[in-house]
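Structure at a glance
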Amino acid sequence: MADEDIGRIMVFAPVPQLTVTIEQATGAEELHVHAGSQGIWQARMCHALGAPITLCGAVGGEIGDVIAGVLDFPVRLVRRAQSSGWYVHDRRAGARTTVAEHAGEPLGRHDADELYTAALAEGLRSRVSVLSGPAAPGVVDPSLYRRLACDLGNHGVQVVADLSGQLLEAILDAGVAFLKISHEELIDAGRAADDSLPALVDAARKLRADGAAQVLISRAEKAALALVGDETLLVELPPLEVVDHRGAGDSMTAGVATVLAGGGDLREAIRTGAAAGALNVTRHGLGTGHRDAVLELARRARLTPVDA
């Protein structure tokens, strides 16, 4: 996967947040301020893997100014009427504790129109578009996702989605090239009875019938499950020591999108996604890692057919 072979990716991160994390290192307290959200972490990993990206989102208020100032990869940001969301986490004791948080006000109609137009333009310039979710339900109308998935797909752009709930149903209605989803999200949605392999295989096949051409189901510390064509595969990779499990699924989605944007096949994309997710849990930063480590881990990933 040479750099010059990687096609452009548009990451749709509609309402980024400002993230503030308090840490304790070598006896001193540290304050870390970053832009965050599912799409931010996905874009960061795509960028680390060498993909040319553009992130599309809407920001507002003083918090939006800070978000725009700390992003260090190409973005196309729309100014929104309401202030952006934020959270403050305390990780001095090791585990994350939420001090305070605000997901942000729902995106207004005019702001949504401007964001849709910007994302459509950038998506049409890209080989792959990644659709990521907001911090909380109700912040972005599901119809915006359905229209974007439909319009980009109709113009030959590969749409990769990492969504759940009403947003998942909206993009399935439009159809997507690749869906990544966790087993917890499938169970919460009533699409899987439990976390057994037969139940998840049935759920993956139903997702295919409903509009997702290819499906990857993350299963926390267990091997992921992929539906590629008519074959179901376990995605196996020796585990690494966990520092922070958050962001692993987003890095997995980014790894898949980067390979697809480079014209790689689905199996290579899934192995790379598994490697990116595995590497992310070894680091404090979400959606971070080094390309050489991801590619080396990807060589160690195994796709094993499963009969369930």
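About the thresholds
Residues numbered from 1 in each chain as written. Predicted model: local features only at pLDDT ≥ 70, side-chain atom pairs only at ≥ 80, totals over all residues. Heavy atoms only, no water. UniProt positions renumbered as here; feature names shortened; annotations may be inferred. Pairing = 2+ DSSP bridges. Helix = DSSP H or I, 4+ residues; strand = E, 2+ residues; numbered from the N terminus. Axes fitted to C-alpha atoms, helices over the stretch in contact; angles between N-to-C directions. Contact = heavy atoms within 4.5 Å. Expected span 1.5 Å × (residues − 1). Buried < 20%, exposed > 50% of the residue type's maximum accessible area, 1.4 Å probe, protein only. Phe/Tyr/Trp six-rings, centres within 6.5 Å; stacked < 30°, edge-to-face > 60°. Lys NZ or Arg CZ within 6 Å of the ring centre and 35° of its normal. Patch = residues over 30% accessible without salt bridge, like charges linked within 9 Å, V, L, I, M, F, W, Y side chains within 5 Å. Areas by Shrake-Rupley, 256 points an atom, 1.4 Å probe, with all protein chains shown as cover. Salt bridge = Lys/Arg side-chain N within 4 Å of Asp/Glu carboxyl O. Lys, Arg positive; Asp, Glu negative; His and termini not counted. Charge placed at Lys NZ, Arg CZ, Asp CG, Glu CD.

For the protein chain, an unreviewed UniProt entry supplies the name 1-phosphofructokinase and the organism Actinoplanes teichomyceticus. The annotation that UniProt attaches to the protein chain under Sequence similarities (unreviewed entry) is "Belongs to the carbohydrate kinase PfkB family."

What follows concerns the sheet that holds strand β6 (residues 85–90). A sheet is described by the order of its strands in space; here 4 strands give the open sequence β3-β2-β6-β7, paired in mixed fashion. Edge positions in the sheet fall to β3 (28–36) and β7 (97–102), since each of these pairs with one other strand and no more. Between one strand and the next, the sheet's axes are offset by a mean angle of 15°, whatever the strand orientation. Where strand β2 (residues 17–25) lies against β3, 9 bridges are found, and the strand directions are antiparallel. Each residue of the ladder has a partner; that of A25, found in β3, is A28. Each of β3 and β6 is contacted by helix α1 (residues 38–48), which is oriented at about 95° to β3, the strand it contacts most.

End to end, helix α3 (residues 109–124) covers 22 Å across 16 residues, agreeing with the expected 22 Å (1.5 Å per residue, within 8%). Three or more residues of α3 are buried, namely D111, A112, L115, Y116, A118, A119, L120, E122 and G123. Buried residues in α3 make contact with β1 (9–12), β4 (53–59), β5 (75–79), β8 (128–132) and α4 (142–154).

This part takes up the packing of aromatic side chains. Inspection of every chain in the model, using the stated rule, returns 1 aromatic pair. Ring geometry for F12 and Y145: centres 5.4 Å apart, planes at 80°, overall edge-to-face. Here the residue F12 occupies a position in strand β1, and Y145 occupies one in helix α4, the gap between them amounting to 133 residues. Across the pair, exposure class does not vary: F12 and Y145 are buried alike. Over the ring of Y116 we find R147; its NZ or CZ atom is 4.3 Å from the centre of that ring.

Our focus in this paragraph is the pairing of strand β13 (residues 231–236). In terms of strand pairing, strand β12 (residues 222–228) meets β13 through 5 bridges, oriented antiparallel. Residue pairing in the sheet places A224 in a bridge with V235 of β13. Counted between consecutive antiparallel strands, the loop separating β12 from β13 contains 2 residues, among which G229 sits at a positive phi close to 60°. As defined by bridge partners, β13 adjoins strand β14 (residues 302–305) across 4 bridges and the pair is classed as antiparallel. Bridge pairing links L234 to T304 in β14.

On the surface, E184, D188, D194, D195 and E221 cluster together into a patch of negative charge. Along the chain, E184 falls in helix α6 (residues 183–188). Classification of E184 by relative accessible area gives partly exposed; the value is 38%.

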